[in-house]
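A look at the structure
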Amino acid sequence: MSNSSSLWSDALSRLLKNKAAVGGAIILLILITLAILAPLIAPYPYAYQDLDLGASPPSSAHLLGTDVLGRDLLSRILYGARISLLVGFIATTVALFIGVSWGIIAGYFGGKVDSIMMRIVDVLYGLPFIIFIILLMVIFGRNLWLLFLAIGAIEWLTMARIVRAQVLTLKNQEFVLAAQAMGVSNFAMFKRHLLPNILGPIAVYATLTIPQVMLLESFLSFLGLGIQPPMSSWGTLIKDGVESMEEYSWLLIYPGLTFTITLFSLNFFGDGLRDALDPKTSD
Amino acid sequence: MLSIFLKRILLAVPVLIAVASITFFLVRLAPGGPFDAEKAVSEQVMKNLNEVYNLNAPLSEQYFDYMSGILVGDFGPSFRFPGRSVTELIMTGLPVTFELAIYSMLIALFIGTLSGVTAALKRNTFLDYIPMSIAMIGICVPTFLLGPLLVLIFGINLELLPVSGWDQLPGDKILPSLTLGFAYAAYIARLSRGGMLEILNQDFIRTARAKGLTETMVVTKHAMQGGLIPVVSFLGPAVAGLLAGSFVVETIFQIPGLGRFYVEAAFNRDYTMILGTTIFFSFMIVVFNLFSDILALWLNPRSRDI
């Protein structure tokens, strides 16, 4: 903790030794690149229909085949990656913002503030949020940004707990006391002194939140309550695949495989990051 | 210890009231009335409809009527199924969902603790690696993908098991229960492995071994009681997950349970049904959380004399 640059470079070298984590990171980088470049590299527009063709198995014209409306599956998976990854990052950012602020404030001020804030977290933990998201989607319509926000707004609870626990261990250390003695403002204290010291656990937990958020989005889309056609996320593609899997199994298998590989990569990378930043927890 | 229980129970009451109130007003915020989709009706009919659903009274009165109805288990009439009450619909679906949840949880507990405890005891051997790799798959493959894949393999290709339904064909309960239970088996395996590893390093285990107890005795009598506390604490939150899972599994396998009713109500904008089931789900989850917390406290000797 005394020398932060060596902490990070130590962690990086540990991370690079972890094959699963490196593999996960490489796959993720490839996926993100493909998603960003989707409009340039996708062989067909995502809503382009070839009704005469209909559902066709993988061929040279359509590498992963087409769906019942003759839409190219590869293109739809590439465009779906944009939505699925976007929801992963945006909702996680929302969760990070709320969770980190909540945890720092509760942990740093302590006392009554802390006990009230953490009691709220305890209570919220026990509620069926998935049901509230569905409720929100029904009441306010299936809006993409509302979906992102709502998912982010329910995933911050664990982050708040982790950050609070970290701040509690930091706030009695000399450098914090010294900063207090110098009259540093609360905001500067959070930003300059506390936050840089808890970046590790935050990074780890954020990486592990992304797959959860993506699962939630695809779960909603699978039920038909998330992303609406003609837009597609991996969840809606899997839903379409399930509907026609008896005759056209490729429509289920390829989107399912892409989604699973992504979740695997995110989890392996997150686990690797955790082990690298906190060697104590790895066994 | 008793005071902790009482405190937890007392805390649950305002939480439930808050949930019911927030849901009630959220649903009232919804744009449009419940009958907008139907063809135009005369003013008199509209008035009578509103009368039936108690929509003419001032909002505060509607609220108090609704809240006092809940106390006696009356969630009002369904908007979409005329003549049927929400309570009636919940009671039709609940036993099915309950049965599905019980089977899934039994599968999850059996497979999960067995492989987790084995993995901890045989650490860093293939008996550790193989179950834990499968557990990783269980966590990464979502229910809505696993279910259809199982149907594709066992139902359609091998023609071993029915692909849908509940209580109609022999064996039609197997695939839904497996689908819902698998992810929990994976979580429980990881939790029980972690819990056991922590316990097995402690002094009292060494003492138990030193005084010559058999390994079976050490594991079942001493280690498992403490090592499985994380699993017990997980059971409460798992109920919330089981509910969400039942939405998917009941949709995939066309099971007439509460989860499918809820998803259908969400599609049909059956506001009273959504309102009623949301409150009902919240109530169940709060109660189960309370129950699993109490059980975990009771199992943990350190917290007993507080």
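Since the structure is predicted, the reported quantities are computational estimates derived from the model, not experimental observations.

1. Notes on the overall build of chain B
The secondary structure content of chain B amounts to 12 helices and zero strands. Starting at the N terminus, the α and β elements of chain B follow one another as α-α-α-α-α-α-α-α-α-α-α-α. Principal axes of the C-alpha set define a box for chain B whose edges measure 85 × 55 × 30 Å. Within chain B, the fraction of its 306 residues that count as buried is 38%. Within chain B, residue pairs in contact and separated by at least 24 positions form 75% of the contacts whose partners lie at least 6 positions apart.

2. Section: the nonpolar core
Soluble globular proteins tend to bury their nonpolar side chains together. In this structure, Ile 133, Ile 134, Ile 151 and Ile 238 of chain A together with Ile 188 of chain B are the most contacted members of the largest nonpolar core, which totals 145 residues. Sorting elements by how many residues they give to this core places helix H4 (residues 73-109) of chain A first, with 17 residues. Apart from the residues lying within four places of it in its own chain, the contact partners of Ile 238 of chain A are Ser 218, Phe 222, Leu 252, Pro 255, Gly 256 and Phe 259 of chain A together with Phe 144 and Leu 145 of chain B.

3. Here we look at the confidence of the model for chain B
Overall, the predicted model of chain B reaches an average pLDDT of 82, with 93% of residues at or above 70. Across the whole predicted complex the pTM is 0.81, and at the interface the ipTM reaches 0.78.

4. Focus: the environment of Ile 134 of chain A
With respect to the helices and strands, Ile 134 of chain A occurs in helix H6 (residues 129-140). Its 25 C-beta neighbours within 10 Å are what place Ile 134 of chain A among the buried residues. Sequence-distant contacts of Ile 134 of chain A, defined by excluding residues within four places in its chain, comprise Leu 225 of chain A together with Ala 266 of chain B.

5. A closer look at the packing of helix H6 (residues 143-157) of chain B against helix H7 (residues 174-200) of chain B
How two helices pack is summed up by the angle between their axes together with the distance between the axes. Residues and elements named next belong to chain B. One can describe the packing of H6 onto H7 by two numbers: an axis separation of 9 Å at closest approach and a directional angle of 140°. The angle between the axes of H6 and H7 places the two elements in the oblique class. Crossing handedness for the pair H6 and H7: right-handed. Here H6 contributes Thr 143, Leu 146, Gly 147, Leu 150, Val 151, Phe 154 and Gly 155 to the contact with H7, which in turn contributes Leu 175, Leu 178, Thr 179, Leu 180, Phe 182 and Ala 183.

6. Concerning the interface of chain A and chain B
It is common to give the size of an interface as the accessible area lost on bringing the parts into contact. Taken residue by residue, the interface counts 29 residues in chain A and 32 residues in chain B. Those elements that place two or more of their residues in the side of chain A that touches chain B are H6, helix H11 (199-222), helix H12 (234-243) and helix H13 (250-277) of chain A. At seven residues, H13 of chain A tops the list of elements feeding residues into the side of chain A that touches chain B. In the side of chain A that touches chain B, the residues fall into 21 nonpolar, seven polar and one charged.

7. Considerations on the environment of Asp 10 of chain A
Residue and element names in this part refer to chain A. Mapped onto the fold, Asp 10 is located in helix H1 (residues 4-17). The exposure class of Asp 10 is partly exposed, given the 14 C-beta atoms found within 10 Å. Between the C-alpha atom of Asp 10 and that of Tyr 254, which follows or precedes it by 244 residues, the distance is 38 Å.

Quick notes on the rules
One numbering rule holds for all chains: residues counted from 1, following each sequence as written. To read the labels, note that chains go from A and ligands from 1, taken in the order they are written. Local features in a predicted model are, by the rule used here, given only for residues with pLDDT of at least 70; side-chain atom pairs are given and counted only at 80 or more, and totals for whole chains, interfaces and linings are based on all residues. Each helix is a run of DSSP H or I of at least 4 residues and each strand a run of E of at least 2, with the numbering of both proceeding from the N terminus. Around each residue's C-beta, the other C-beta atoms within 10 Å are counted; 20 or more make the residue buried, 12 or fewer make it exposed, and counts in between make it partly exposed. All C-beta atoms are placed from the backbone. Contact criterion: two residues are in contact if their C-beta atoms, reconstructed from the backbone, are within 7 Å. Think of a nonpolar core as buried Ala, Val, Leu, Ile, Met, Phe, Trp, Tyr and Cys residues, each tied to the set through C-beta atoms within 7 Å. pLDDT is defined as a per-residue confidence score from the predictor, taking values between 0 and 100. Helix axes use the C-alpha atoms of the stretch in contact, all axes being lines fitted to C-alpha atoms, and the angles between their N-to-C directions lie in the range 0 to 180 degrees. Working rule for angles: under 35 degrees goes down as roughly parallel, over 145 as roughly antiparallel, 65 to 115 as roughly perpendicular, anything else as oblique. Crossing handedness is defined as follows: a turn of the near helix away from the far one that is anticlockwise and smaller than a right angle gives a left-handed crossing, while the clockwise case is right-handed. Polar here means any residue outside two lists: the nonpolar Ala, Val, Leu, Ile, Met, Phe, Trp, Tyr, Cys and Pro, and the charged Asp, Glu, Lys and Arg; Gly therefore counts as polar.

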